[in-house]
Amino acid sequence: MAKKVLPSQAMKKMNTLSQVAKKSQEFKKEIIETENVQDLPEDVRGKIIMLPDEMLLDDPFNLETYGENDVEEFAEIMRKYGFRGVVIAYPYEDKYMIESGHRRREAGRRAGIKEIPTFLVEPPKSEWERRLNLMMANLNNRDYTPMIIARVAQGTYEAQAMKIADLKEKGELQEGENTNLNELTAEFMRLDSTTVELYRRLLKLIPELQELADDKRYSWSAIAYASNMSETYQKKLFQVIVEKTDKDGVDAVTKAWIKQTIQNLKLEEKTGEIAKVVETKEKPTRVRRKDGTKIIMNCTKSLKEVLENDAIIRDNEVETVVKTLKELQKSIEKKITELTK
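Thresholds applied
Residues numbered from 1 in each chain as written. Predicted model: local features only at pLDDT ≥ 70, side-chain atom pairs only at ≥ 80, totals over all residues. Heavy atoms only, no water. Pairing = 2+ DSSP bridges. Helix = DSSP H or I, 4+ residues; strand = E, 2+ residues; numbered from the N terminus. Contact = heavy atoms within 4.5 Å. Axes fitted to C-alpha atoms, helices over the stretch in contact; angles between N-to-C directions. Phe/Tyr/Trp six-rings, centres within 6.5 Å; stacked < 30°, edge-to-face > 60°. Buried < 20%, exposed > 50% of the residue type's maximum accessible area, 1.4 Å probe, protein only. Lys NZ or Arg CZ within 6 Å of the ring centre and 35° of its normal. Arc of directions from axis to C-beta. Patch = residues over 30% accessible without salt bridge, like charges linked within 9 Å, V, L, I, M, F, W, Y side chains within 5 Å. Areas by Shrake-Rupley, 256 points an atom, 1.4 Å probe, with all protein chains shown as cover. Salt bridge = Lys/Arg side-chain N within 4 Å of Asp/Glu carboxyl O. Core = buried A, V, L, I, M, F, W, Y, C linked by side-chain atoms within 4.5 Å.

Draft legend 1. Region of the structure containing the sheet that holds strand β3 (residues 87-92). Strand order across the open sheet formed by 5 strands is β1-β5-β3-β4-β2, with mixed pairing between neighbours. Each edge of the open sheet carries a strand with a single partner, namely β1 (48-52) and β2 (56-57). Sheet analysis places β2 next to strand β4 (residues 95-100), joined by 2 bridges and oriented parallel. Residue Leu56 lies in a different strand from β4, and its bridge partner there is Tyr96. Running at roughly 120 degrees to β4, helix α5 (residues 102-110) makes contact with β2, β3 and β4 of the sheet.

Draft legend 2. Spatial organisation of the packing of aromatic side chains. Per the counting criterion, the structure on display carries 2 aromatic pairs. Note on Tyr66 and Tyr144: the rings are 5.3 Å apart at their centroids and 40 degrees apart in plane angle, and the pair reads as tilted. A residue pair is termed long-range when its members are at least 10 positions apart, and Tyr66 in helix α3 (residues 60-66) and Tyr144 in the loop between α6 (127-138) and α7 (146-170) qualify at 78 residues. As far as the burial class goes, Tyr66 and Tyr144 line up, both buried. Ring centres of Tyr199 and Trp220 lie 4.0 Å apart, and the angle between their planes is 10 degrees; this geometry places the pair in the stacked category. Of the two residues, Tyr199 sits in helix α9 (residues 193-201) while Trp220 sits in helix α11 (residues 220-223), which places them 21 residues apart along the sequence. A single burial state applies to Tyr199 and to Trp220, both of which are buried. For the cation-ring pair, Arg200 lies above Tyr157, with the distance from its terminal atom to the ring centre recorded as 3.6 Å.

Draft legend 3. Spotlight on the environment of Met50. Along the polypeptide, Met50 turns up in strand β1. Met50 sits 68 residues away from Thr118 along the chain, and the two C-alpha atoms are 6.0 Å apart. Among residues more than four places away in sequence, those in contact with Met50 are Glu115, Ile116 and Pro117.

Draft legend 4. Inspection of helix α10 (residues 207-214) at higher detail. Considered for burial, the residues of α10 that qualify are Leu209, Gln210, Leu212 and Ala213. The buried side chains of α10 occupy one side of the element, clustering within an arc of 160 degrees when seen end-on. Turned more than 90 degrees off the buried face of α10, the exposed positions are Pro207 and Glu211. Packing partners of the buried residues in α10 comprise α7, α11 and α12 (231-248).

Draft legend 5. Fine view of a nonpolar patch on the surface. A cluster of nonpolar side chains, contributed by Leu303, Val306, Leu307, Leu325, Leu328, Ile332 and Ile336, occupies part of the molecular surface with about 570 Å² of accessible area. With 4 residues, the top contributor of residues to the nonpolar patch is helix α15 (residues 318-340). Following the sequence through the fold, Leu328 ends up in helix α15. Judged by its relative accessible area of 34%, Leu328 is partly exposed.

Draft legend 6. Examining the nonpolar core more closely. With 42 residues, the main nonpolar core has Met135, Tyr199, Leu202, Leu209 and Leu237 as its most contacted residues. Among the elements that line this core, the one with the most residues is α7, at 7 residues. Those residues within four positions of Tyr199 in sequence are excluded, and the remaining contacts are Pro146, Ile149, Ala150, Ala153, Leu191 and Trp220. Among the nonpolar cores identified, the runner-up in size contains 14 residues, and Phe74, Ala89, Tyr96 and Ile113 belong to it.

Draft legend 7. Spotlight on the pattern of salt bridges. A complete count under the given rule lists 18 salt bridges for this structure. Across the salt bridge formed by Glu72 and Arg79, the nearest N and O atoms sit 3.0 Å from each other. Residue classification places Glu72 among the partly exposed residues on the basis of a relative accessible area of 37%. Taking relative accessible area as the criterion, Arg79 reaches 37% and is therefore assigned partly exposed. Between Glu127 and Arg130 there is a salt bridge, with the nearest N and O atoms lying 2.4 Å from each other. Of the two residues, Glu127 and Arg130 are both situated in helix α6; the distance of 3 residues between them amounts to about one turn of the helix. For Glu127, a relative accessible area of 32% corresponds to the partly exposed category.

Now the structure itself:
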């Protein structure tokens, strides 16, 4: 049976663990992003050892998630200036498993470098910890394609499921702890739950549509809505998009057009009746919209004073306040995602 603990206590413990994990990952990120080892603090440099390339193992989960590394340009730099930075690894059987720096190590290998500067860390205590550590180390490191982010989202989702099952089995799952996998994945990836779900849906598409999702000319989020169509109708969608592109140009294949086409194809699949996309050139009715920037700036000062200073929150109000802040956090993350796409 899970240990009983008050929701406020569980929240405090989760926040503490989260902060520790975050600081650890920020520390690792700082190390892995440093190109010149001499720029690292002396105590960190003292923990770096030179390992023969053959002593380092690529984590198979890294290839499964991120695919092959395109490192020729990086390798050329290393041919001229030597190995750049370090990799992070941990003892694994009689060798060392890379946690972060697979791309860096591969570039060094292609450059003919035989010894790799390696910062050693503690081995993960479980499979889910191994996966989360690897993905956290690579999070936001590069401009990933939608399909790579989709695999990261799915991998994180599965690792979080493994973590919860493990905690339940050990009786360590705290009462009140969030077990919603989409929300946990969203928090980990710093996205909103809706966006995470859309990314995961890309993995249910046929290869042809997945290629279109990775093509920056098309809206991946619109294409994701085709994930619950049959393979036959997904192929039909692909053909329609290609024909529309050939006929009217890629600019005509807008996000709205793709979503409407998917809706029509779903209707056709369900009823057998062919629906046509109705395109209109009429100007939309002008709607007076609120000045979002002005409202955000006006509210920020008051909200920061409450969050950062010693504001009074009564014990009987904690649960409500926490719930409200979580809802606000989701809305903020969703808006950030929309603005940065």
